[in-house]
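Chain by chain, the residues run as shown.
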Amino acid sequence: MSLADKFHIPEPASIRKFSQGLALSQLRLLVILGIVACLAFIFAAGHPIISIWVALIIVGWLFVAGAAKVSED
């Protein structure tokens, strides 16, 4: 028996409360906010038509990805 096995060392709270589902939802939120910020920057730079087309492409892609995920389950 090793010395580390004799003592109970509690895990830090940050490791215990880590949830992969929570991390994925936060990552999705970060990606969405990044995309919105990029579209706002393109719109503010004087290219509203391009930002509208990019937004429509992204919404269409998300619709197809969501439909594929639902049909997969």
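Quick caveat: nothing in here was measured; it's all calculated off a predicted structure.

On to the overall build of the chain, then. A count of helical and extended segments in the chain gives 4 helices and 0 strands. When the helices and strands of the chain are listed from N to C terminus, the series reads α-α-α-α. Residues classed as buried in the chain amount to 3% of the 73 residues present. Looking at the chain as shown, the accessible area adds up to about 6,700 Å², and 75% of this sits on carbon and sulfur atoms.

Bringing the side chain of S51 into the picture now. Relative to the assigned elements, S51 resides in helix α4 (residues 48-72). By relative accessible area, which is 6% here, S51 ends up buried. When near neighbours in sequence (up to four residues on either side) are disregarded, S51 contacts L39, I42 and F43.

Between its terminal C-alpha atoms helix α3 (residues 20-44) stretches 36 Å, which fits the 36 Å expected from 25 residues at 1.5 Å a residue. At the C-terminal side of α3, G46 shows a positive phi close to 100°.

A cluster of nonpolar side chains, L24, L27, L30, V31 and I35, forms an exposed patch at the surface whose accessible area comes to about 430 Å². For L30, a relative accessible area of 58% gives the class exposed.

Bringing the confidence of the model for the chain into the picture now. For the chain, per-residue confidence averages 81 on the pLDDT scale, and residues scoring 70 or more make up 77% of the total. The lowest-confidence element of the chain is helix α2 (residues 13-16), averaging 60 in pLDDT; the highest-confidence one is α4, averaging 88.

This part covers the packing of α3 against α4. When two helices pack together, their arrangement is given by the angle between the helix axes and the distance between those axes. At their nearest, the axes of α3 and α4 sit 8 Å apart, and the two run at 160° to each other. Looking at the two axes, α3 sits roughly antiparallel to α4. Residues R28, I35, L39, I42 and F43 of α3 lie in contact with α4, whose contacting residues are P48, I50, S51, V54, A55, I58 and K69. Among the residues making up the contact of α3 with α4, the classes are represented as 9 nonpolar, 1 polar and 2 charged.

Each value, and the rule that gives it
- Residues numbered from 1 in each chain as written.
- Predicted model: local features only at pLDDT ≥ 70, side-chain atom pairs only at ≥ 80, totals over all residues.
- Heavy atoms only, no water.
- Helix = DSSP H or I, 4+ residues; strand = E, 2+ residues; numbered from the N terminus.
- Buried < 20%, exposed > 50% of the residue type's maximum accessible area, 1.4 Å probe, protein only.
- Areas by Shrake-Rupley, 256 points an atom, 1.4 Å probe, with all protein chains shown as cover.
- Contact = heavy atoms within 4.5 Å.
- Expected span 1.5 Å × (residues − 1).
- Patch = residues over 30% accessible without salt bridge, like charges linked within 9 Å, V, L, I, M, F, W, Y side chains within 5 Å.
- Salt bridge = Lys/Arg side-chain N within 4 Å of Asp/Glu carboxyl O.
- pLDDT = per-residue confidence, 0-100.
- Axes fitted to C-alpha atoms, helices over the stretch in contact; angles between N-to-C directions.
- Parallel < 35°, antiparallel > 145°, perpendicular 65-115°, else oblique.
- Nonpolar A, V, L, I, M, F, W, Y, C, P; charged D, E, K, R; others polar.

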